[in-house]
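# Architecture at a glance
The lines below spell out each chain.
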Amino acid sequence: MNKQKILTSPHMDTSIVKEKLKKLFDALPKDIPDDISSMISGLLDNIILKNGPSTVSASSTLNVIYILDFDESFYNQVMAAARALKSDITHC
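We now turn to the structure provided with this report.

Procedures and definitions
Residues numbered from 1 in each chain as written. Predicted model: local features only at pLDDT ≥ 70, side-chain atom pairs only at ≥ 80, totals over all residues. Heavy atoms only, no water. Buried < 20%, exposed > 50% of the residue type's maximum accessible area, 1.4 Å probe, protein only. Helix = DSSP H or I, 4+ residues; strand = E, 2+ residues; numbered from the N terminus. Arc of directions from axis to C-beta. Expected span 1.5 Å × (residues − 1).

### Examining helix H2 (residues 34-43)
Along H2, the residues classified as buried are Ile36, Ile40, Gly42 and Leu43. Taken down its axis, H2 places every buried residue within 155 degrees of arc, on the same side. In H2, those exposed residues whose orientation departs by more than 90 degrees from the buried face are Asp34 and Asp35.

What follows is the structure in structure tokens.
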């Protein structure tokens, strides 16, 4: 039996994470308090893999794409804290 090897090429798609971080930093004031800063650091512990497509090219290479995202509930908590902080500073 002739066995052909398939090469695997893994890729990470970080576009969702980048977009969410941009929204988060746009919602924050310039001086980020320590409690919000630690919540942002906690986002790194809450990255999840979403299902991504796998494709086989003509050269028998399996391209595996891992789509990264934040845990939605934790990200929403951080965004709510950021928006509340910005509105408190704006109204002072």
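### Concerning helix H1 (residues 15-27)
Taking 1.5 Å of rise per residue, the 13 residues of H1 would be expected to cover 18 Å, and the 19 Å separating its terminal C-alpha atoms lies within 8% of that figure. Where H1 is concerned, the buried positions are Val17, Lys20, Leu24 and Ala27. Viewed along the axis of H1, the buried residues span an arc of 90 degrees, placing them on a single side of the element. Exposed residues lying more than 90 degrees from the buried face of H1 are Lys18 and Lys22.

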